[in-house]
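# Secondary and tertiary structure notes
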Amino acid sequence: MNKMRHIITMCFIFIVIIPCAVFAEGKDGNIEILMINSDASVSKYTAAGDEFKATVQHTVFEINLNASKDMAEYARRLLEQNAYDLIYCIGTQAYMVAHKHARKTDII
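Residues numbered from 1 in each chain as written. Predicted model: local features only at pLDDT ≥ 70, side-chain atom pairs only at ≥ 80, totals over all residues. Heavy atoms only, no water.

The relative placement of two aromatic rings is captured by the distance of their centres and the angle of their planes. If you walk through the whole model with that rule in mind, you get 2 aromatic pairs. Aromatic side chains Phe 52 and Tyr 88 sit 4.2 Å apart centroid to centroid with 10° between the ring planes, which places their arrangement in the stacked category. In this pair, Phe 52 sits in helix H2 (residues 43-55) while Tyr 88 sits in strand S3 (residues 86-90), placing the two residues 36 residues apart along the sequence. By relative accessible area, Tyr 88 is classed as buried at 7%. (Phe/Tyr/Trp six-rings, centres within 6.5 Å; stacked < 30°, edge-to-face > 60°. Helix = DSSP H or I, 4+ residues; strand = E, 2+ residues; numbered from the N terminus. Buried < 20%, exposed > 50% of the residue type's maximum accessible area, 1.4 Å probe, protein only.)

Below, the structure is given as structure tokens:
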């Protein structure tokens with residue numbers, strides 16, 4: 001478990017933190033990040049989300065698509081109404097929602 005956690009943390013450093021460091025900061029000095037989780041009841045998805053939030057030093061807004069059947073629609077509206085600097089997706093369903101509705105935002 002510790003080895004897997006270490007691997008996940010290292011991946012976040014190279015995939016998320018380094019790219020975030022080169023982003024221009026938002027209007028108020030913060031980078032806005034949206035984390036979309038396909039299913040928070042899956043332990044490895046929860047672990048990935050927890051490690052991501054622990055690694056990133058910016059505000060992370062979260063959406064859990066399995067919370068209710070209307071969450072995909074909520075995510076669509078949120079993506080169309082807000083400009084996030086980065087979208088972090090956990091799971092295929094999360095990626096598909098982000099890819100479909102936020103084409104101009106960097107998606108991880």
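With 15 residues, the main nonpolar core has Leu 34, Ile 36, Ile 63, Leu 65, Leu 79, Tyr 84 and Ile 87 as its most contacted residues. The biggest single contributor to this core is helix H3 (residues 71-81), with 4 residues. Each residue touching Tyr 84, except ones within four places of it in the same chain, is listed here: Glu 32, Ile 33, Leu 34, Phe 61, Leu 78, Leu 79 and Thr 105. (Core = buried A, V, L, I, M, F, W, Y, C linked by side-chain atoms within 4.5 Å. Contact = heavy atoms within 4.5 Å.)

This part is about the sheet that holds strand S4 (residues 106-107). Taken together, the 4 strands give an open sheet; going across it, the order is S2-S1-S3-S4, and neighbouring strands pair in parallel fashion. In this open sheet, the two edge strands, each paired with only one partner strand, are strand S2 (60-64) and S4. The pairing of strand S1 (residues 33-37) with S3 spans 5 bridges and is parallel. Looking at the pairing, Ile 33 lines up with Leu 86 of S3. The strands that H2 touches are S1, S2 and S3; relative to S1, the one it contacts most, it runs at about 170°. Packed onto the sheet, H3 meets S1, S2 and S3 and runs at close to 150° relative to S2. (Pairing = 2+ DSSP bridges. Axes fitted to C-alpha atoms, helices over the stretch in contact; angles between N-to-C directions.)

Attention now goes to H3. Where H3 is concerned, the buried positions are Met 71, Ala 75, Leu 78 and Leu 79. One side of H3 holds all its buried residues, which, seen down the axis, span an arc of 95°. Packed against the buried residues of H3 are S1, S2, S3 and helix H4 (92-101). (Arc of directions from axis to C-beta.)

On to H2, then. An ideal rise of 1.5 Å per residue puts 18 Å on 13 residues; H2 measures up with 18 Å between its terminal C-alpha atoms. All buried positions along H2 are accounted for by Ala 48, Gly 49, Glu 51, Phe 52 and Thr 55. Down the axis of H2, the buried set is contained in an arc of 165°. They therefore lie on one face. Counted as exposed and oriented over 90 degrees from the buried face of H2: Ser 43 and Ala 54. (Expected span 1.5 Å × (residues − 1).)

Before going further, it helps to examine the side chain of Thr 105. Residue placement: Thr 105 occurs in the loop between H4 and S4. Apart from residues no more than four positions distant in its own chain, Thr 105 is found in contact with Tyr 84, Asp 85, Leu 86 and Ile 87.

Bear in mind that shape data such as this cannot, by itself, settle questions of function.
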